[in-house]
Each structure stands twice: as C-alpha cells, then as structure tokens.
Amino acid sequence: GREPGSKGIEKASRFLENILNENGIKPYFKTYRDTLSNYDKTTYNIVGYLEGSDSKLKKEFVIIGAHYDHIGKIAAVNGDDIANGANDNASGTTAVTEVVKYFAKFKNNKRSILFVFFSAEEKGLLGSKHLATKLKEQNMDLYFMFNFEMIGVPMKDKGMDMYLTGFGRSNMAAKMNEYAGEKLVGFLPVEMRYMLFRASDNYPFFTEFNVPSHTVSTFDFENFEFYHQPDDEFELMNTKHMANVISKTIPVLEKMINTPAKEIKLNEK
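Fair warning: this is a prediction, and the values are worked out from it, not measured in the lab. (Residues numbered from 1 in each chain as written. Predicted model: local features only at pLDDT ≥ 70, side-chain atom pairs only at ≥ 80, totals over all residues. Heavy atoms only, no water.)

(A) Examining the overall build of the protein chain more closely. When helices and strands are counted, the protein chain shows 7 helices and 11 strands. Scaling as 2.2 N^0.38, a compact globule of 269 residues should have a C-alpha radius of gyration of about 18 Å, and the protein chain matches this with 17 Å. Put simply, 80% of the contacts in the protein chain that link residues at least 6 apart link residues at least 24 apart. Accessible surface, the protein chain as shown: approximately 12100 Å² in total, 50% of it carbon and sulfur. Positive and negative charge centroids in the protein chain, built from 34 and 36 side chains respectively, lie 6 Å apart. (Helix = DSSP H or I, 4+ residues; strand = E, 2+ residues; numbered from the N terminus. Rg over C-alpha atoms; globule rule 2.2 N^0.38 Å. Contact = heavy atoms within 4.5 Å. Areas by Shrake-Rupley, 256 points an atom, 1.4 Å probe, with all protein chains shown as cover. Lys, Arg positive; Asp, Glu negative; His and termini not counted. Charge placed at Lys NZ, Arg CZ, Asp CG, Glu CD.)

Take a look at the structure:
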C-alpha cells in the first residue's frame, strides 16, 4: 500500500529512480532521494532535474509533481486489506513519468524542470512541505508548480478534460486553455467545499513561494467510489482516458515552460 517507511514504498522508490536514470534525468541533490526531515520513519521524495536549454531562462524553475505514497493496510473489505491507491495516486505518478520521458527525449525545455515524486502526502503533505521549505531556503526562482492528482477515471459530462484546484487564484487555467486551443481545464465547484487547493502537494509551494501552484484532477466525487479503499485497483483505471489527459497536457506544459516571459501569474485579491 506504499505507506511511508514500508517495503511497498521502497519498491516504488526504486522503480521511479530507475525511470529517471534510464531517461538521463539527473538527481537534483546528491542522489534522487530527498529524505524527509519531518516524518518519524525514513522516507523520500524522489527528485529529478533537467536543466533548461536557454542560458537565461534556465535559472527559472518549474516543478512538475505527484505523490507516490498511499495509506498502507486498512480495514479489510472482502478479505483485502491493502489500499492499492491506483487512482490515488499511481495515476498521477504515471502522468509525471510520461512527462519525464517526453522532456528527456526532446530536451526542449528552456526553463529548468524538477520532476518530483512526493512521499507522505497522505500524512499531511509532509513531503511537499519539507521540499518547499528546503528549496525556499536555497532561494530557488520558482515560476510555477504543477501537480497531478487522481486522473484515473474521467469526469461525468463536465465539459472539460480535468479541473484545476484553486481555480481563481491565478490565470493558469486560462493560459492552459489558450495554449491548448480548447477547454482543457475548468472549475469544479465542489473542490471549493472540500478545500482541495489546500489538500495536495501544490499548496506548500504556494505558501512558501507565493507563485502559481495548482493541482489538476479528474476525481469529481461522483465518478469513483473507492477513495481510500482496498478496491482502488488498476483494473478500474481508464487507461485511454489517462493517455488522453497526459497527451493533451504535455504540449501545454511545454508552452508554459518555454514562454519568454512569465505569463502565468497570481490573480490580485
């Protein structure tokens, strides 16, 4: 169940390290493993670094991330006590690995990218809080943070491919749709009720850096009934939908990363 400190998450850590290494993505720190300072068991964010191609813009960074931990073993349902977390958040983790493969192949990112797989999100965003504080202390020039969370099944007739948490806090959604030439992302009212902007790994980067930091998701509280349940399994994932979301998002991220000026900005309060 990929609980931080477990054998399961160690396997996942090695898997993600191998993907970064096989694609020529360097560690940002001495190794890919960024050990959390705020959790009582040893667990790691996995952090890869791809330097930007533009001599000036490479000093600016973009973070693309997803949490790869989950909640471990829980109360059994029909004899199954492992919370697999296929939608939450192996789906988002998969999206980041595909973004890794794209930029590793083409190396057409003018700004520098950190690819981050966060641990201990389920323990209170501990991985992202740790890393955001650490990078802020290094005075990183962070342009924006983009986070994938639960994209395993499509929404029900919402008129968009996915929604953006904290929709009104920046113009990211408008710019993404402009770059996509269609309504790729939109506003989902229910995300306000559950304060989803504050519920995933985008939020610590917003609080530390005060820059656009958002999560995209297709979990709409109506389309998936196995949140934090043992039945959140791969067999229920709609891989065609996932591929569609990822393939549409990658060229938009490419444009976001490569604009001469920082076009994505926080909205004034």
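(B) The pairing of strand E5 (residues 73-77), seen in detail. The element E5 is barely covered by neighbouring structure, given that only 0 of its 5 residues are classed as buried. Counting the residues in the hairpin turn of E5 and strand E6 (residues 80-82) gives 2 residues, including Asn78, whose phi is positive at 55°. (Buried < 20%, exposed > 50% of the residue type's maximum accessible area, 1.4 Å probe, protein only. Pairing = 2+ DSSP bridges.)

(C) Just the layout of surface pockets, in detail. In this structure, the largest pocket occupies an estimated 280 Å³ of space. Lining the largest pocket are 17 residues, and of these Glu149, Met150, Leu196, Ala199 and Tyr227 sit closest to its centre. In terms of residue class, the lining of the largest pocket is built from 7 nonpolar, 6 polar and 4 charged. The volume enclosed by the second largest pocket comes to roughly 230 Å³. Every residue along the wall of the second largest pocket is listed here: Arg2, Ala12, Phe15, Leu16, Ile19, Tyr68, Asn89, Ala90, Thr93, Thr94 and Thr97. (1 Å grid on protein atoms, 1.4 Å probe; cavity = no way out; pocket = protein on both sides within 12 Å on 5 of 7 lines; lining within 4 Å. Points joined across faces, edges and corners; volume = space filled by probe spheres on them. Nonpolar A, V, L, I, M, F, W, Y, C, P; charged D, E, K, R; others polar.)

(D) Representation of the environment of Gly159. Relative to the assigned elements, Gly159 resides in the loop between strand E8 (141-148) and strand E9 (162-164). A relative accessible area of 57% means that Gly159 is categorised as exposed.

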